[in-house]
Amino acid sequence: MPYPHAAENDVIVRVHAAGFTPGELDWPATWTDRAGRDRTPSVPGHELSGVVVELGYGTTGLSVGQRVFGLADWTRNGTLAEYTAVEARNLAPLPADIDHTVAAALPISGLTAWQGLFDHGRLTTGQTVLIHGAAGGVGSIAVQLAREAGARVIGTGRAADRDRVLGLGADVFLDLQADQLDTAGEVDVVLDVIGGDILDRSAALVRVGGTLVTIIMPPKVRPRDGRAVFFVVEPDSARLTDLATRLRDGRLKPLVGAVRPLAEAPAAYAPGKRIPGKTIIRVTED
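Criteria and cut-off values
Residues numbered from 1 in each chain as written. Predicted model: local features only at pLDDT ≥ 70, side-chain atom pairs only at ≥ 80, totals over all residues. Heavy atoms only, no water. Helix = DSSP H or I, 4+ residues; strand = E, 2+ residues; numbered from the N terminus. Rg over C-alpha atoms; globule rule 2.2 N^0.38 Å. Buried < 20%, exposed > 50% of the residue type's maximum accessible area, 1.4 Å probe, protein only. Contact = heavy atoms within 4.5 Å. Areas by Shrake-Rupley, 256 points an atom, 1.4 Å probe, with all protein chains shown as cover. Phe/Tyr/Trp six-rings, centres within 6.5 Å; stacked < 30°, edge-to-face > 60°. Lys NZ or Arg CZ within 6 Å of the ring centre and 35° of its normal. Pairing = 2+ DSSP bridges. Axes fitted to C-alpha atoms, helices over the stretch in contact; angles between N-to-C directions. Polar contact = N/O pair within 3.5 Å; in protein donor to acceptor, adjacent residues only side chain to side chain. Core = buried A, V, L, I, M, F, W, Y, C linked by side-chain atoms within 4.5 Å. Salt bridge = Lys/Arg side-chain N within 4 Å of Asp/Glu carboxyl O. Patch = residues over 30% accessible without salt bridge, like charges linked within 9 Å, V, L, I, M, F, W, Y side chains within 5 Å. Parallel < 35°, antiparallel > 145°, perpendicular 65-115°, else oblique. Nonpolar A, V, L, I, M, F, W, Y, C, P; charged D, E, K, R; others polar.

**Some thoughts on the overall build of the chain**
Item 1. Helix and strand counts for the chain come out as seven helices and 13 strands.
Item 2. For the chain, whose C-alpha radius of gyration is 19 Å, the value lies close to the compact-globule estimate of 19 Å for 286 residues.
Item 3. Oriented by its inertia axes, the alpha-carbon framework of the chain measures out at about 55 × 40 × 35 Å.
Item 4. Every one of the 286 residues in the chain was classed for burial, and the buried ones make up 53%.
Item 5. Long-range contacts, defined here as pairs at least 24 residues apart, represent 62% of the contacts in the chain between residues at least 6 apart.
Item 6. For the chain, the accessible area works out to roughly 12,800 Å², and carbon and sulfur atoms hold 51% of it.

Given below as structure tokens:
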């Protein structure tokens, strides 16, 4: 791919590490621009950590040589490349003592977890939250954030995830293949990253005034006396800065799964063995 063009308020980032979601290949925005026009061949990946190498016209707040991390736009070429153009407002400064590989695991997972729990779920101290997929990229961060907020946390996953999820701070773990979901009892918030039957059955667990939050699809089954929210994560530079601070303080630890070189990115997208945590592509060696 050619070296990208820095539009107004853009920066060009030399990518050191990138995160991705396998489901991106099914998103229309991966293959078309904002006007719906075909833009193949396209570069997938939306999470990155790297160094600013060029400023677009009018760009302020960042400087050449600065370490940054954040989200690339959904409808533009993404982060699985040596260089990518990103809107400056979607990036946050990256402290020198945070490794690029770890930082690349934060943007989508960290912002999704925060926005799902607090912006949409309105989770507060003393409440109970049920987090599906608690050993995954989003779920693992959500468990840690909810625990720090003073909530009672019920995490779900497969049997092999039990120790990992409890180690992150969950009070209870449910094996979705062996345990009955209704043993969770009533909860104030459900955060779903699985969809399907799990999402449908979770609606009945939401107590009066509670919220069912999902990132998969608009819920077909809604809580009887609560809210149902489907959302797509939004960039938030200030929140990324907060998440980086939590990481430096040891209050937050992203679960990094496989780390693979850029040449192996196609294989990382291919269906295969399930790996806990976030898969990261190392694009440029530090």
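We are not done yet, so read on.
**What about the packing of aromatic side chains?**
Item 1. This structure, assessed with the given rule, holds three aromatic pairs.
Item 2. Measuring from centroid to centroid gives 4.5 Å for Trp114 and Phe118, while their planes differ by 55°, and the two rings are tilted. Within this pair, Trp114 and its partner Phe118 are both found in helix α2 (residues 107-120), separated by four residues, close to a single helical turn. Each member of the pair, Trp114 as well as Phe118, carries the same accessibility label: buried.
Item 3. Its end group placed over the ring of Trp114, Arg239 keeps NZ or CZ at 3.7 Å from the ring centre.

**Here's the deal with the environment of Ala270**
Item 1. Looking at the element boundaries, Ala270 is found in the loop between α7 (265-269) and β13 (278-282).
Item 2. Owing to a relative accessible area of 40%, Ala270 belongs among the partly exposed residues under this scheme.
Item 3. For the pair Ala270 and Pro22, spaced 248 residues apart in sequence, the C-alpha to C-alpha distance is 8.0 Å.

**Regarding the sheet that holds strand β8 (residues 172-175)**
Item 1. One open sheet holds the six strands; their spatial order is β8-β7-β6-β9-β10-β11, and the pairing between them is parallel. The open sheet has two free edges, formed respectively by β8 and β11 (227-230), since each of these has just one partner strand. With direction set aside, neighbouring strand axes in the sheet form an average angle of 15°.
Item 2. As defined by bridge partners, strand β10 (residues 206-214) adjoins β11 across four bridges and the pair is classed as parallel. Note that in β11 the partner of Thr211 across the bridge is Arg227.
Item 3. Lying on the sheet, α2 is in contact with β6 (128-131), β9 (187-192), β10 and β11; it crosses β10 at an angle near 155°.
Item 4. Each of β6, β7 (152-157) and β9 is contacted by helix α3 (residues 137-148), which is oriented at about 170° to β6, the strand it contacts most.

**Focus: the environment of Lys278**
Item 1. Examined against the element boundaries, Lys278 turns out to sit in strand β13.
Item 2. Residues contacting Lys278, with those up to four places away along its chain left out, are Gly19, Phe20, Thr21, Glu47, Ala105, Ser109, Leu255, Val256, Gly257 and Ala258.
Item 3. Polar contacts involving the side chain of Lys278 include one to the side chain of Glu47, which spans 2.7 Å.

**Some remarks on the side chain of His100**
Item 1. The residue His100 is located in helix α1 (residues 100-103) in this model.
Item 2. Within the local environment of His100, its side chain forms a polar contact with the side chain of Arg67, the two groups lying 3.4 Å apart.

**Some points on the nonpolar core**
Item 1. Counting residues in each nonpolar core, the largest one holds 42 residues, and the members touching the most others are Phe69, Leu117, Leu123, Val129, Ile131, Leu145 and Ala146.
Item 2. Elements with a contribution of two residues or more to this core: β3 (67-71), α2, β6, α3, α4 (162-168), β9 and α6 (237-248).
Item 3. If near-sequence neighbours (up to four positions away) are discounted, Leu123 is found in contact with Leu117, Phe118, Val129, Ala146, Ala151 and Val189.
Item 4. Counting 20 residues, the second-largest nonpolar core is a separate cluster that includes Val15, Val52, Val68 and Leu80.

**Points about the pattern of salt bridges**
Item 1. Applying the stated rule across the entire model yields 18 salt bridges.
Item 2. Linking Arg201 and Asp197 is a salt bridge whose minimum nitrogen-to-oxygen distance equals 2.7 Å. Here Arg201 and its partner Asp197 are both found in helix α5 (residues 196-202), four residues apart, which amounts to about one turn of the helix.
Item 3. Through salt bridges with shared partners, a single ionic network connects Glu148, Arg239, Asp242, Arg246, Asp249 and Arg251.

**Structural notes on a nonpolar patch on the surface**
Item 1. A contiguous nonpolar surface patch, about 260 Å² in accessible area, is contributed by Tyr3, Val53 and Tyr83.
Item 2. Position of Tyr83 among the secondary structure elements: in strand β4 (residues 83-87).
Item 3. Residue Tyr83 is classed as partly exposed on the basis of its relative accessible area of 33%.

**So, the packing of α2 against α6**
Item 1. One can describe the packing of α2 onto α6 by two numbers: an axis separation of 10 Å at closest approach and a directional angle of 100°. As summarised for this structure, α2 and α6 are arranged roughly perpendicular, according to the angle between their axes. Across the interface between the two elements, Pro107, Gly110, Leu111 and Trp114 of α2 pack against Arg239, Leu240, Asp242, Leu243 and Arg246 of α6.
Item 2. Tallied by class, the residues present in the contact of α2 with α6 amount to five nonpolar, one polar and three charged.

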